[in-house]
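This is what each chain is made of:
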Amino acid sequence: MDFRPALPDELPLLPPIERACGEPFRDFGMPEIADDDPMPVSALARLHVWVAADPDPVAWIAVDVLTADRAAHVEQVCVHPDHARRGIGAALLDHVERWAAARGLAALTLTTFRDIPWNAPYYRRLGFREVAVLSPGLTAVVAAEAARGLDPATRVCLRRPLRDGAARDTGRVR
């Protein structure tokens with residue numbers, strides 16, 4: 001499986017992957033998340049987006065740079081459920097970490113659901129830690145999420161400092 005920047009004609013293939021990723025939220029009493037509209041292609045076009053392709057995209061990650069925070073902020077990670085539990089999400093995050101290191105950034109950040117097993121607990125296993133005091137960039141992210149209807153009480157901001165060796169990028173995943 002290869003990681004590469006998403007091609008413009010692949011962007012419309014990504015929202016169906018996000019929809020499929022939303023379905024498990026129904027089992028956690030969150031049908032509004034499962035039914036939420038995926039990220040618009042126009043929004044994806046403004047972000048840094050990579051796909052894991054086999055040969056078509058089966059997973060993707062979208063990142064924005066929070067300049068004042070010196071962080072690559074993960075807006076969305078989606079791995080189609082048919083390809084879950086193979087390390088693809090973790091490998092996408094590592095890929096972005098190498099990209100961020102090459103740009104002189106200091107960390108990866110993201111916001112996620114506090115108590116959903118494949119959200120905050122998963123990211124903690126990958127080395128992310130809860131942010132005690134929100135930076136200006138994360139404050140803006142949380143405000144934008146709240147404006148879209150996400151309850152900040154159910155969310156958590158996480159940060160992972162860039163690790164040694166992050167500058168190496170193989171371009172391949174297992």
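This is a predicted model, so every value here is computed, not measured.

A. Just the nonpolar core, in detail. Of all hydrophobic cores here, the largest spans 27 residues; its most connected members are Ile61, Val63, Ala72 and Ile88. Among the elements that take part in this core, helix H4 (residues 88-102) stands out by supplying seven residues, more than any other. Those residues in contact with Ile88, other than ones at most four positions away along the chain, are Met1, Phe3, Ala52, Val58, Ala59, Val79 and His83. By size, the runner-up hydrophobic cluster in this structure holds 15 residues, among which are Leu11, Leu14, Cys21 and Ala53.

B. Region of the structure containing the environment of Leu92. Mapped onto the elements, Leu92 comes out in helix H4. If sequence neighbours within four positions are ignored, Leu92 has contacts with Phe3, Val51, Ala52, Ala59, Trp60, Ile61 and Val77.

C. Molecular detail of the confidence of the model for the chain. Residues with a pLDDT of 70 or more make up 94% of the chain, whose mean pLDDT is 92. Low pLDDT (under 50) marks residues 167-174, which in the prediction has 15 contacts with non-local residues, meaning those over four places away or in another chain.

D. Representation of the pairing of strand E7 (residues 155-161) in the model. When you tally the buried positions in E7, you get five out of seven residues, the bulk of the element. By the bridge criterion, two bridges tie strand E6 (residues 129-130) to E7 in an arrangement that is antiparallel. By the bridge assignment, Arg129 is partnered in E7 with Arg159.

E. Highlighting the packing of aromatic side chains. One pass over the structure, following the stated rule, counts six aromatic pairs. On the basis of an interplanar angle of 75° and a centroid distance of 5.1 Å, the ring pair of Phe28 and Trp118 is categorised as edge-to-face. Of the two residues, Phe28 sits in the loop between helix H1 (14-22) and helix H2 (31-34) while Trp118 sits in the loop between strand E5 (107-113) and helix H5 (120-125), which places them 90 residues apart along the sequence. Residue Phe28 is classed as partly exposed on the basis of its relative accessible area, which comes to 40%.

Cut-off values and rules
Residues numbered from 1 in each chain as written. Predicted model: local features only at pLDDT ≥ 70, side-chain atom pairs only at ≥ 80, totals over all residues. Heavy atoms only, no water. Core = buried A, V, L, I, M, F, W, Y, C linked by side-chain atoms within 4.5 Å. Buried < 20%, exposed > 50% of the residue type's maximum accessible area, 1.4 Å probe, protein only. Helix = DSSP H or I, 4+ residues; strand = E, 2+ residues; numbered from the N terminus. Contact = heavy atoms within 4.5 Å. pLDDT = per-residue confidence, 0-100. Pairing = 2+ DSSP bridges. Phe/Tyr/Trp six-rings, centres within 6.5 Å; stacked < 30°, edge-to-face > 60°.

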